[in-house]
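Structure assessment
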Amino acid sequence: MSARVSRKTFIKQLAMLAGGMSLSRLRAAMAFAEEGAFNPRPLLTGRSTFSGVRASAPARWSHELISRTSAPARLSPSPVRADDDALWSEPFAYFMGDGPIMAFTDAEIAHLRRFFAEGGVLFVDDAVPETGEFTRDAKRELARVLPDAAPIPIGTEHVVFRSFYFIRRPYGRVEGPPKLEAIIRGGNAQVIFSSHDIAGALAQSATGLSSVPVVPGGEIQRERAVRLAVNIAMYVLCSNYKDDQVHAPFLMRRRAVDSP
Amino acid sequence: MVRSFTLSSDLGHPLAYAALVLALASLVLLVFELQRRRGAGILVALTGLVATALLTLAVLRPASVFSRGSVVGPRVVLLADRSRSIDLPGDQGSRRETLVHAVEQVKKAAGKARLRVLGFGEGAPLPWDPTAPSASADAAPAGHSDLGAALMSLASRAEERPASIVVLSDGRLDRPSESMPGQAVIEELRGLRVPVHVVSLASKSPPDASIRAVRAAGAAVAHQPLPLTIQIGCDGGLACEDLTVSARELIDGGPPALLASGVAHLEHGDATVELSITLDRAGPRIVEVAIQAPDGDAIPDNDRRLIAFDVARDRVRVLHVAGRPTYDVRALRMWLKSDASVDVVTFFILRTHTDDVKASEEDLALIPFPVDELFSEHLPSFDAVVLQDFNAAPYNLLRHLPALARYVEHGGGLIMVGGPDSFAGGHYAGTRLADVLPVALDQGPTEGAFDLASFVPAYTDVARAAPVLRPLRGFNGDALPEMVGANRVGDARPGSFVLWTHPKIKTSTGAPMPLLALGEKGDGRSIALAIDGTYRLSYSSLGSETAGRAHAALWDALLGWLMRDPRYEPAQIELLSQCMAGVPLSLRVRPLPGSEGVLNVEVARLERRDVVVRKQDRVLKGGELATVDVGKLEPGGYTARVWVGTGPSTRRDFACERGGDEWADSRPDEARLRAIANATGGEFLRASEAGQLPLPPATEVAAERRVEPVMPPWAWTLLAAAALGVHWIARRKTGLA
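Values in this document were obtained by computation on a predicted structure and should not be read as measured data.

About the thresholds
Residues numbered from 1 in each chain as written. Chains lettered and ligands numbered in written order. Predicted model: local features only at pLDDT ≥ 70, side-chain atom pairs only at ≥ 80, totals over all residues. Heavy atoms only, no water. Helix = DSSP H or I, 4+ residues; strand = E, 2+ residues; numbered from the N terminus. Rg over C-alpha atoms; globule rule 2.2 N^0.38 Å. Contact = heavy atoms within 4.5 Å. Areas by Shrake-Rupley, 256 points an atom, 1.4 Å probe, with all protein chains shown as cover. Buried < 20%, exposed > 50% of the residue type's maximum accessible area, 1.4 Å probe, protein only. Expected span 1.5 Å × (residues − 1). Arc of directions from axis to C-beta. Buried area = accessible area lost by both parts, 1.4 Å probe. Salt bridge = Lys/Arg side-chain N within 4 Å of Asp/Glu carboxyl O. Polar contact = N/O pair within 3.5 Å; in protein donor to acceptor, adjacent residues only side chain to side chain. Nonpolar A, V, L, I, M, F, W, Y, C, P; charged D, E, K, R; others polar. Disulfide = S-S within 2.5 Å. Pairing = 2+ DSSP bridges. Axes fitted to C-alpha atoms, helices over the stretch in contact; angles between N-to-C directions. Parallel < 35°, antiparallel > 145°, perpendicular 65-115°, else oblique. Left-handed = near helix turned anticlockwise from the far one by under 90°. 1 Å grid on protein atoms, 1.4 Å probe; cavity = no way out; pocket = protein on both sides within 12 Å on 5 of 7 lines; lining within 4 Å. Points joined across faces, edges and corners; volume = space filled by probe spheres on them.

Observations regarding the overall build of chain B
Along its length, chain B carries 16 helices and 33 strands. A compact globule built from 737 residues should have a C-alpha radius of gyration of about 27 Å, whereas chain B, at 42 Å, is more than 25% larger. A principal-axis box enclosing the C-alpha atoms of chain B has dimensions of 160 × 65 × 50 Å. If you take every contact in chain B between residues at least 6 apart in sequence, the share linking residues at least 24 apart comes to 73%. In the structure as shown, chain B presents an accessible area of about 31100 Å², 53% of it carried by carbon and sulfur atoms.

So this is what it looks like as structure tokens:
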């Protein structure tokens, strides 16, 4: 468990203490709450390591999810290697990079195939979308994992754009293309590609300040990037929940009101 | 010994007739000749007559027949109505008493007729003599009066065919129907051309208002309106104008639930009412249709009908409510959504009051949690409710917990899935809902509501025999993935059964703490799953070995058990016959393979939940058949529960009526009986005239027969030749040629 305590956690602790709850129970509650929590595990392939200025992005992602929503999240996500059996222990992995990647090994392909077969979701985030080399190579290698599917653009019609926030277009560290891309299998987006550098927008220094400037929108754009990250996490946890018939009429009305 | 004569058997009838014709022609010619030749003399005539006779006898050669035999009376079959309708009032006393008297009358008047008394009701007629002292023990009253089947059976038997058939009935028959009964009987006799006499057991209708028929338009499907057409009748001089009709569902352990009501406006003693009912629970359900009969009603038992509907389900409607989205919630939702037979409505709490969304409401794709609407207005429309890690306190669910408990007691399904905000941690301890859970909740929300240690759940012995975990064990055997944290719960409630336990934590009584327990409450079922890690059946090294199918196998079985899917029931229960009040009832029980132990049977009244029969049968092994005598029951709705050893129970609901369809219409039907008699050439008689029954004559049957020629053929020939010679001499003497 992380030593960092979010504001929401702090508020919850205060509330529990006010209710007479012991500290031991509080610790127990928090630990129990991490069972099944969202865990943005960085996916490592080849000889890659998880370091650099964006290494804080997964923890920030979890922190924002906890503070903004009811969803629990692991505050210290640990990387998972693509050829490790641990890949199958959770349904989500976060694949980011800033340049060309090596071809997947047979073991990595086999592990990823089983990961997707069990319903896993992979978020592919290009840290340098200006060159697009990472996205290009990731698509090439994932095509070897899932040869029967190809990425397609997804816009506001997809549930990921309304799984928590209404989002009109994706933003990250850069403005990027107006749509995400996804490999849809069985009606679910199992691989989501972003050419917006979400990790760059999320990255924070040890002092809590943003590590990478966001262009051209500044902090407003960073907030939009955080919202997209929250929506992706909610999509992973709830799948197409917001497409249910019981929600659809309400959300359609809301969209109609919001539209100019 | 009786002597008679016959002619030689080597001549056929045509030749014999030809010989006689020739003899007569000869005599005619002789008379004609003598008339023309007057004075020819009597001698010629006599010798001619004798010669012709002897010549004819020489051709025919008569023989003596010596025979010995007896007179056999006609075989007459009496078909006595043994349906329950003969217990209705007749003209004098009950129709059964009239039947006994009529059979006695027929027996007295039978003479040499050989009477065989059979009872007709269902299928082939059975030997049944209503006048015998053991008549009631020989055959229980039949639930039908199928004369057609009895006649067909008689017509197709290889035994001696009856000379006539006598039917004794009140005419209220299932077959032949009111429409052209005579023609139907002729067809059912299949060429057996015998008269069918009928003896009517009643001619007057008793004063009675009744539900004559209840017809459903199509099969009953859960949650879908089912139109009922109810025929009401009133006869026998009873004053009926408007009668209130109601349809209620009998609920296990609770008062009947009113489904629909209406008013029947009777004209000429008949009325038809259309009621639409909706049954929300699948499986065998008992619906009571009743009228409020006026004073003077002679047969109150037919004012109320108990109709058993086997309610099908097109899709299982599940309400899935989760307190926060987790991987466990995700896995369950994805399974629910992937199953085409499940119609799931999901509500996840995505934002709490303490969350800082950093956005205006317009930027949020969230809708308010409609707790009041869901748990009051829409609750009955769901087959099952899944509460997953959901805290009842912050979302105003506490006030709906009594209704949710009643929902379970009235047949709904409930699954409570663990998590920090579940069970005692979700403020459920001490509430009405806690009473319907299969485990006790000892802890309050702030005291030891959960434990954090990692562990691997342990299977119980019951689980190894329970069909509900068989699919999961088919994948993983006894292996389960490691779980993190468990809700602290108390002992399993009586009647519940525990499938998984915590390997270390004990309850206050020292028993291993239940982690997965299944139980019944009233009409419904509930499941307590005190962990939130079943997603690890898919996402773990163990789960990867089964490609995630183990998770689906577990939840498919849990939801199936909740919905009483026969695949997951520990035994099958059948009624050996339709349950009729006052008639011994037997159940046939077949435990599923794998279970072994003492067979326990419990039969309880649905309305009052009082156990009327409790039995322990022999030790049974799975797959072995057992027949359990339940005894005689009073009219009403019942539920039979069966379990083997300490294993899970299964149940079957059924209804018992006093008269059933046979008492629905108490009017005798003499017109139908008369038509049957007329069509077959029989007689229609009232019961008082049974002694005047026209019976066919007796038949003589030979036991010994000997044929001897009167004289040998050569003697006849010699005599004929001599007579012809004398005749020739006489003719010559009188000058004839």
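Considerations on the overall build of chain A
Within chain A, the regular secondary structure consists of eight helices and seven strands. Across the 260 residues of chain A, 57% fall into the buried class. Long-range contacts, defined here as pairs at least 24 residues apart, represent 75% of the contacts in chain A between residues at least 6 apart.

Observations regarding helix α3 (residues 95-109) of chain B
Residue and element names in this part refer to chain B. Compared with an ideal rise of 1.5 Å per residue, which puts 15 residues at 21 Å, α3 spans 21 Å between its outermost C-alpha atoms and is within 8% of the ideal. Inspection of α3 places Arg-95, Thr-98, Leu-99, Ala-102, Val-103 and Val-106 among the buried residues, and these make up the whole buried set. On an axial view of α3, the arc spanned by its buried residues comes to 135 degrees, and they lie on one face. In α3, the exposed positions angled more than 90 degrees off the buried face are occupied by Glu-97 and Lys-108. In this structure, the buried side of α3 is in contact with β3 (75-81), β4 (114-120), β6 (164-169) and β7 (196-200).

Quick notes on the interface of chain A and chain B
Facing 57 residues of chain A, the contacting portion of chain B comprises 54 residues. For the pair chain A and chain B, the summed buried area comes to about 4700 Å², and 55% of that belongs to carbon and sulfur atoms. The interface formed by chain A and chain B contains three salt bridges. Applying the counting rule to chain A against chain B returns 20 residue pairs in polar contact (both at pLDDT 80 or more). Broken down by element, the side of chain A that touches chain B gets its largest block of residues, seven residues, from helix α2 (residues 23-33) of chain A. Looking at the side of chain A that touches chain B residue by residue, the class counts come to 26 nonpolar, 13 polar and 18 charged.

Concerning the pattern of salt bridges
All names here are of chain B. Evaluation of the coordinates by the stated rule reveals 65 salt bridges over all chains. Among the salt bridges present, the one from Glu-33 reaches Arg-731, with a minimum N-O distance of 2.7 Å. Placement of the pair is Glu-33 in helix α1 (residues 13-36) and Arg-731 in helix α16 (residues 713-733), with a sequence separation of 698 residues. Overall, Glu-33 belongs to the partly exposed group, its relative accessible area being 24%. Across the pair Arg-567 and Asp-565 runs a salt bridge whose closest N-O atoms are separated by 2.8 Å. Within this structure, Glu-249, Asp-252, Arg-285, Glu-520, Asp-523, Arg-525, Arg-564, Glu-569, Arg-641, Arg-651 and Asp-653 form a network of salt bridges that share partners.

Description of the state of the cysteines
All names here are of chain B. For the structure on display, the rule yields two disulfides over all chains. Each disulfide pairs two cysteine sulfurs, and for Cys-234 the partner residue is Cys-240, the sulfurs being separated by 1.9 Å. Handedness here is read from the sign of the S-S torsion; for Cys-234 and Cys-240, about 60 degrees, the answer is right-handed. The residues Cys-234 and Cys-240 share a single accessibility class, namely buried.

Let's talk about the sheet that holds strand β25 (residues 571-575) of chain B
All names here are of chain B. As summarised here, the arrangement of the three strands in space is β25-β26-β29, forming an open sheet in which the pairing is antiparallel. A single partner strand is all that each edge strand has here, and the edge strands are β25 and β29 (626-631). Adjacent strand axes in the sheet meet at a mean angle of 25 degrees when their direction is disregarded. Bridging between β25 and strand β26 (residues 585-591) involves five bridges; their strand directions are antiparallel. Looking across to β26, one finds that Gln-572 is bridged to Arg-590.

Here we look at the packing of helix α2 (residues 42-60) of chain B against α16(B)
Residue and element names in this part refer to chain B. Interhelical geometry of α2 versus α16 gives an angle of 160 degrees and a closest axis separation of 8 Å. Between α2 and α16, the interaxial angle falls into the category roughly antiparallel. Here the hand of the crossing between α2 and α16 comes out left-handed. Only Trp-716, Thr-717, Leu-719, Ala-720, Ala-723, Leu-724, Val-726, His-727, Ala-730 and Arg-731 of α16 make contact with α2, whose side of the interface consists of Leu-43, Val-44, Thr-47, Gly-48, Val-50, Ala-51, Leu-54, Leu-55, Leu-57 and Ala-58.

Thoughts on the pairing of strand β21 (residues 483-487) of chain B
Residues and elements named next belong to chain B. Among the five residues that make up β21, four are buried, leaving the element largely enclosed by the rest of the structure. For strand β19 (residues 450-455) and β21, the ladder comprises four bridges, and the chain directions are antiparallel. The partner of Phe-455 across the bridge, within β21, is Met-483.

Observations concerning the environment of Ile307(B)
All names here are of chain B. Mapped onto the secondary structure, Ile-307 falls in strand β14 (residues 304-311). In this structure Ile-307 comes out as buried when scored by relative accessible area, which is 17%. Distance in space between the C-alpha atoms of Ile-307 and Val-214 is 8.2 Å, their sequence separation being 93 residues. When near neighbours in sequence (up to four residues on either side) are disregarded, Ile-307 contacts Val-214, Arg-285, Ile-286, Val-287 and Val-289.

Thoughts on the layout of surface pockets
Residues and elements named next belong to chain B. Here the second largest pocket is characterised by a volume of approximately 860 Å³. Every residue lining the second largest pocket is counted, 33 residues in all, and those nearest its centre are Arg-305, Ile-307, Gln-578, Glu-657 and Asp-661. At the level of elements, β8 (208-216), β9 (225-235), β14 and β31 (649-656) are the ones that each hand at least two residues to the lining of the second largest pocket. Counting residues per element, the lining of the second largest pocket draws most heavily on β14, which supplies six residues. Residues belonging to the lining of the second largest pocket are distributed by class as follows: 15 nonpolar, three polar and 15 charged.

Digging into the environment of Leu15(B)
Within the fold, Leu15(B) resides in helix α1. Classification of Leu15(B) by relative accessible area gives exposed; the value is 52%.

In short, geometric facts, not functional conclusions.
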